[in-house]
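# Breakdown of the fold
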Amino acid sequence: MSGSENAHSGLTRRGFLKATAAGTAASALIGGVSLGAFASELRSGQPENAGDSIYQGICRPNCGQCCAIDVHVRDGKVVKTAMTHIPDSPEVNRICLRGLSHPYRIYDPERIKYPLRRVGERGSGEWERISWDEAAEEIAQKWAEIQEKYGSQAVAQYAISGGYGVFTTNHPVYLRLNNLINGSKITGCVDMANAVGINRVVGWGEGVWSTNDARDVVNAKNLFIWADNWSEAQIQEWRFFCDAIESGVNTIVIDPVYTITASKANKWVSVRPGSDAALILSMIDVIISEGLTDVTFLQEHTVAPFLVKSTDGSFLRQSDLSGTSTAETDKGDELRTFDVHAANRNTGTSAEVESPILVWDEACGALVEVEKAVNPAIEGEFEFNGIPCKTAFTLLVEEVAQYSPEKAAEICDVPADTIRELARLCADGPVTHRMGWGSQSYVNGAHPAHALITIAAITGQIGYPGASCGAADWSASSGWAQSYAPKYGASSSPTLPVLALPEIIESGEYGGEPFALKAMLIHHGNPLCTSVDINRLKRTVFDQLEHIVVVDSVMTDTACYSDLVLPVAQWFEFEDITGGGQTNFYTGFNEKAIEPLHESKTDSDIARLIAEKMGLGEYFTETDAEILDDAMLSSETCQKLGLSYASLKESKLVPQRTGVKIAFEGAKFTTPSGRMEFYVEKPVAFSNYGQDIDVERERLPRFFPPGEAWPENEKYEKYPLTLMTSRTKYQVHGQWFSVRNLRELDPDPTFRINPADARARGVEDGAWAEVFNDRGHCVAKCIYSEAVRPGSVVYMKNWAAKYFKAGSWAEVLSLEFDPVTVNHCFMDALVDVRPWSQED
Ligand SMILES: Nc1nc2c(c(=O)[nH]1)N[C@H]1C(S)=C(S)[C@@H](COP(=O)(O)OP(=O)(O)OC[C@H]3O[C@@H](n4cnc5c(=O)[nH]c(N)nc54)[C@H](O)[C@@H]3O)O[C@H]1N2
Ligand SMILES: Nc1nc2c(c(=O)[nH]1)N[C@H]1C(S)=C(S)[C@@H](COP(=O)(O)OP(=O)(O)OC[C@H]3O[C@@H](n4cnc5c(=O)[nH]c(N)nc54)[C@H](O)[C@@H]3O)O[C@H]1N2
Ligand SMILES: [Mo]
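Every value quoted in this text rests on a predicted model; they were computed, and no experiment measured them.

The rules behind these values
Counting from 1, residues in each chain are numbered in the order their sequence is written. Here every chain gets a letter starting at A, and every ligand a number starting at 1, in the order they are written. Whole-chain, interface and lining totals are the exception, using all residues; otherwise, since this is a predicted model, local features are given only for residues with pLDDT of at least 70 and side-chain atom pairs are given and counted only at 80 or more. Side-chain figures throughout are based on the complete set of non-hydrogen atoms in the structure, without hydrogens or water. The secondary structure listing takes helices from DSSP runs of H or I that are at least 4 residues long and strands from runs of E that are at least 2 residues long, numbered from the N terminus. The globule rule used here is 2.2 Å times the number of residues to the 0.38 power, and the radius of gyration it is set against is calculated over C-alpha atoms. We call a residue buried when its accessible area falls under 20% of the maximum for its residue type, exposed when it is over 50%, and partly exposed in between, using a 1.4 Å probe and counting protein chains only. When checking whether two residues touch, look at their non-hydrogen atoms; a contact exists if any pair is within 4.5 Å. By convention in these notes, a residue is near a molecule or strand provided one of its non-hydrogen atoms lies within 4 Å of it. N or O atoms closer than or at 3.5 Å make up a polar contact, with two conditions inside protein: a donor-capable atom paired with an acceptor-capable one, and, for residues adjacent in sequence, both atoms drawn from side chains. Accessibility throughout is a Shrake-Rupley quantity obtained with a 1.4 Å probe, and a residue counts as covered only by protein chains that appear here. Residues are grouped as follows: Ala, Val, Leu, Ile, Met, Phe, Trp, Tyr, Cys and Pro are nonpolar; Asp, Glu, Lys and Arg are charged; all remaining types, including Gly, are polar. For each domain, the first and last residues come from an automatic or database assignment. By convention, the term buried area covers the 1.4 Å-probe accessible surface removed from two parts as they join, with the contributions of both added. A pair of strands counts as paired when DSSP detects no fewer than two bridges linking them. A fitted line through C-alpha atoms represents every axis, and for helices the fit uses only the stretch in contact; the resulting angles, taken between N-to-C directions, go from 0 to 180 degrees. Only one rule defines a salt bridge in this text: a Lys or Arg side-chain nitrogen within 4 Å of an Asp or Glu carboxyl oxygen. In this description, a disulfide is simply a cysteine sulfur pair whose atoms lie within 2.5 Å. Stacked, edge-to-face and tilted are the three classes for Phe, Tyr and Trp ring pairs, Trp counted by its six-membered ring, which pair at centre distances within 6.5 Å; planes under 30 degrees apart are stacked, over 60 edge-to-face, the rest tilted. Here, a charge over a ring is recorded when the distance from Lys NZ or Arg CZ to the ring centre is within 6 Å and its angle to the ring normal is within 35 degrees.

### Brief notes about the overall build of the chain
Assigned secondary structure in the chain consists of 29 helices and 35 strands. Taken over C-alpha atoms, the radius of gyration comes to 27 Å for the chain, in line with the 28 Å a tight globule of 840 residues would show. Reported as C-alpha extents along the three principal axes, the dimensions of the chain are approximately 80 × 65 × 60 Å. Counting the 840 residues in the chain, one finds 62% classified as buried. Summarising the internal contacts of the chain: among those between residues at least 6 apart in sequence, 76% fall at separations of at least 24.

Rendered as structure tokens:
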């Protein structure tokens, strides 16, 4: 839209705007000093807009929120971004500092203006300006040569998160290009350990994470917040936590760090980093031994009564007993069968029909099909047809019996009485458990989540208002656009998890076949800042590549280490659509407010240009609008809402739901059995690159120590401090790093350490100090903080390397990972700290 009115949901924007003098805000925001003007705009709430054209924008980095914002354009420039006011939707009316600072981002002097080709050594910072034509020609030529020599899989595209939207999440045009040249894909391996732990119990059918939406936490009696720093990392949801506190919900934060979130809660429990699974298993032990379980829920909605065969760990089925008689509960009825979900990650990808599962029915003293049992036994040891079996619940009881509160107290450093107290609260419903991404950032990362959802299963605290368990609700944010890309087939080259790349490249093999990777196109990702052990990653992966292209809007750490940098248009320079965010239940249309700045191009135009040079132009005839339309037509959400590209373009923001979402309402789960499978019959890896997994270990929630950050680890003597991430309000991952007004508020990269640990090392408060281990180092400013547990260091993450005196956080983090979750273990690292005396 191009006028100064922006109407949606019946609101005429103009009526809300105060018409006052125009010029000042434009100059204050675009040039010169900013903070004062910025702050006064914040205070006044209704800034100056006269004459502005206001476009609907969606702020869409991977903070997961997708807040609707108004993009004010004056004299062809974006002068301001402000909150979009949606009447009657206080839960989505919001904006944060990052959302307010877009004009600085757009007109950032550090924005890349034209394509750049490396002229010095990789990483030397020497570049020459080239034309788009030269850039595309170079890519087409290199890729053709490389594919000819090493095979089509040797060219890969690499995306991590970057942003949310059809073009920014699904990358449909890049994807089609990759399919057509049969290239490989590299994935970022983030955030998935708690998804694995939770979803293998509840099923993947409702998306990656599904919980009651954040507005529901106010309905809980007890709200547990595990490893989740809402006040910084879920800033847009913070108000719901505050509502809960104000309305008397008992809030408990479990975090090794005394975070701002913890400081507002009724109770803070400081846990030893990486030990949550031991704590939760012990709580399960208490809940069971004190008789606080919900037996009916266990019988009806979980696998508790399923009989696990000791021979192979699978469930006892009718087919195991051919020849033996089972109780005839419903004469003449055919044996009930159920479809194992196609593509369900608990069972692999093939749709199978299994023989019915049997349980021991106390009512008739016989084996019966589970759905026909009247009073299924949830505990016991049996033998049928010579096959020894135990119920799944009995196996859980045996597992948790190893973790009496006294034993667990030694492991997780939480007093035994506190463990008992927490356990009892878990049964005093409604109970909501929110689990963020801290506890999953260790090599044992799926198990705290698996254990926690098991608490919900045994207490029946799920599926009704106030009762929920999981990470943030992701169900409003849908990924579309798959329909566009695969029209010309899918690539048969592998999808490679970045964490496995060093191993794959060093071995020169993938899936038993020779494998070489020689070129990479990186878009929507900054791995040399947001991944781990980058000295190793550079040596084993990047330095083995003949050609690296980065598509970004600023010179990220990864762009600095590439061969060709392509300037991409920013979010308000092209049309896009988002499904919604964590606490934003609106499907939103992002209008194009201005033309791409300088010589930048949109991702789709960049992909089209490369395709053209490769002689594939004929496959890229659709316009962006047609791609968006196609994406929406293929989206179930849009179909339900009757939304098309044209209608959303008109209405801008359309609510996806009315009322508060309750996840798994009526205890309906998308597992093969339709029940909560806290015992997982067929655990599988989240992504498969041919690795072996220990199936038995994954069947139940268990505790095993982190890979590195643990007192018994051999590295501990040399490096006794656990290094943990904290998110900063001023950045989302590596984004916004060069935005001037935010750097005024947050000028230097810092880490926090307990004063006792710092003093013991002669490191002064406010001084630059070196955090180091065998992998690398990072020199940042030391801040003394009693909020940090002795024995740990907490850093503000993802600063660009140029801001440190030396090194970067991504150098010191470990590349070790769990083959089941294939997830980065950002917190599983040991370091030490010493003063830094060198000059820059
Ligand atoms: N040390 C440490 N590191 C971490 C974490 C941690 O806890 N500790 N957390 C991790 C987690 S959970 C995540 S999700 C990852 C995220 O890791 P990344 O996805 O790498 O993070 P971003 O910096 O958000 O995005 C990468 C780049 O995408 C670019 N980008 C944004 N929009 C577009 C676009 O439309 N087109 C193109 N071409 N590029 C675009 C941005 O400018 C940015 O440079 O970080 C991880 N890194
Ligand atoms: N401002 C901002 N917001 C963001 C992002 C950002 O980069 N910046 N990134 C977004 C993304 S992609 C993600 S994944 C989310 C992550 O959101 P969060 O999960 O909230 O993020 P973190 O701060 O990494 O980790 C949460 C907490 O886990 C704690 N923790 C560390 N180890 C343990 C442990 O062993 N046990 C327990 N119980 N707690 C532990 C940490 O101290 C921290 O307070 O944030 C999103 N929001
Ligand atoms: Mo993330």
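There is more to say, and it comes next.
### Focus on the site of ligand 1
Taken together, 29 residues sit near ligand 1, with S161, D191, D552, D603 and Y795 positioned nearest. At 2.8 Å, a backbone N or O of T530 approaches a nitrogen atom of ligand 1. Here a nitrogen atom of ligand 1 sits 3.3 Å away from a polar atom, N or O, in the side chain of N798. About the coverage of ligand 1: the protein hides 97% of its 910 Å² of free accessible area. Here the residues of the shell around ligand 1 are counted per class, giving 9 nonpolar, 15 polar and 5 charged. For the shell around ligand 1, the two domains that each supply at least three residues are domain 1 (130–190 + 481–567 + 602–644) and domain 3 (721–835).

### Quick word on the site of ligand 2
Around ligand 2 there are 33 residues in total, and A233, D255, D276, W437 and R727 lie nearest to it. One nitrogen or oxygen atom from the main chain of H733 is found 2.8 Å from an oxygen atom belonging to ligand 2. Surface burial for ligand 2 is 97%, taken as the share of its 910 Å² of free accessible area covered by protein chains. Residue composition of the shell around ligand 2, by class: 13 nonpolar, 11 polar and 9 charged. Lining the shell around ligand 2 are residues from two domains, each supplying at least three of them: domain 2 (193–292 + 400–470) and domain 3 (721–835).

### Thoughts on the domain arrangement of the chain
Structurally, the chain comprises domain 1 (130–190 + 481–567 + 602–644), domain 2 (193–292 + 400–470) and domain 3 (721–835). Each side of the interface is counted separately: domain 1 has 24 residues, and domain 3 has 22 residues. Around 1,800 Å² of area is buried between domain 1 and domain 3 when both sides are counted, 60% of it from carbon and sulfur atoms. Counting the surface domain 1 buries against domain 3, the share from its top three residues, L499, V532 and D533, is 31%. Counting across the domain 1 and domain 3 interface gives 11 residue pairs in polar contact (both at pLDDT 80 or more). Those elements giving two or more residues to the side of domain 1 that touches domain 3 turn out to be α19 (527–530) and α20 (534–540). Ranked by residue count, the leading element in the side of domain 1 that touches domain 3 is α20, at 4 residues. Looking at the side of domain 1 that touches domain 3 residue by residue, the class counts come to 14 nonpolar, 7 polar and 3 charged.

### Focus on helix α7 (residues 172–181)
Along α7, 9 of the 10 residues are buried, which leaves the element largely enclosed by surrounding structure. Those residues of α7 that fall on the buried side of the exposure criterion are P172, V173, Y174, L175, R176, L177, N178, N179 and I181. Of the residues trailing α7, N182 is marked for its positive phi of about 60°.

### Some points on the sheet that holds strand β1 (residues 53–59)
Spatial strand order, β1-β2-β3: 3 strands in an open sheet with antiparallel pairing. The open sheet is flanked by β1 and β3 (77–83), the only strands paired with a single partner. Between one strand axis and the next, the sheet turns through 35° on average, direction left out of account. Bridging between β1 and strand β2 (residues 67–74) involves 7 bridges; their strand directions are antiparallel. Looking at the pairing, Q56 lines up with D70 of β2.

### Details of the sheet that holds strand β28 (residues 653–655)
Across the sheet, which stays open at both edges, the 3 strands sit in the order β26-β27-β28 with antiparallel pairing between neighbours. Strands with a single pairing partner mark the edges of an open sheet, and in this sheet they are β26 (576–578) and β28. Averaged over all adjacent pairs, the angle separating strand axes in this sheet is 10°, with direction ignored. Note that β26 and strand β27 (residues 586–590) share 3 bridges and pair antiparallel. Paired with T578 across the bridge in β27 is G588.

### With respect to the side chain of E237
With respect to the helices and strands, the residue E237 is situated in the loop between α9 (230–233) and α10 (238–246). Its relative accessible area of 1% is what places E237 among the buried residues. The contact partners of E237, leaving out residues within four places of it in the chain, are A214, W230, R434, A472, Q582 and T583.

### Here we look at the pairing of strand β8 (residues 222–226)
Across the 5 residues of β8, 5 count as buried, placing the element largely inside the fold. Residues N222, F224 and W226 of β8 are buried on one face, and the alternating residues L223 and I225, pointing to the opposite face, are buried as well. Of the pairings in the sheet, the one linking β8 to strand β9 (residues 250–254) comprises 5 bridges and is parallel in character. From the neighbouring strand, N222 faces β9, where its bridge partner is N250. In the sheet, β8 pairs with strand β18 (residues 431–435) via 5 bridges, with the strands oriented parallel. In the strand pairing of β18, W226 is matched with M435.

### Considerations on the pairing of strand β25 (residues 564–567)
Going residue by residue along β25, you find L564 and L566 tucked away on one face and V565 and P567 tucked away on the opposite face as well. Here 2 bridges tie strand β4 (residues 116–118) to β25, and the two strands are oriented antiparallel to one another. Looking at β25, one finds that R117 is bridged to L564. Looking at chain direction, strand β24 (residues 547–552) and β25 are connected through 4 bridges and run parallel. From the neighbouring strand, V549 faces β25, where its bridge partner is L564.

### Observations concerning the pattern of salt bridges
A full pass over the atoms with the stated rule returns 53 salt bridges. The shortest N-O distance in the salt bridge between K372 and E369 comes to 3.5 Å. In this structure, K372 and E369 share a single accessibility class: buried. A salt bridge links R697 to D818; the shortest N-O distance between them is 3.3 Å.

### Some thoughts on the state of the cysteines
Under the counting rule described, the total for this entry stands at 0 disulfides. Take C63: it sits in no disulfide, and the sulfur closest to it among the cysteines is that of C67, at 6.1 Å. Not part of a disulfide, C469 finds its nearest cysteine sulfur in C426, a span of 9.3 Å.

### Quick notes on the packing of aromatic side chains
The description of an aromatic ring pair uses the distance of the two centres, along with the angle that the planes make with each other. In total, this model carries 26 aromatic pairs according to the counting rule given. Seen from their ring centres, Y689 and F817 are 6.4 Å apart, and the 50° between their planes marks the pair as tilted. Here F817 lies in the loop between α29 (809–812) and β35 (830–835) and Y689 lies in the loop between β28 and α26 (695–699), a separation of 128 residues in the sequence. The buried category is assigned to F817, whose relative accessible area is 14%. Every member of this aromatic cluster is reached through a ring pair, and the members are F751, Y795, F804 and W809. It is R105 that lies over the ring of W736; its NZ or CZ is 4.0 Å from the centre. In this arrangement the basic side chain of K805 is found over the ring face of W768, its NZ or CZ atom lying 4.8 Å from the centre.

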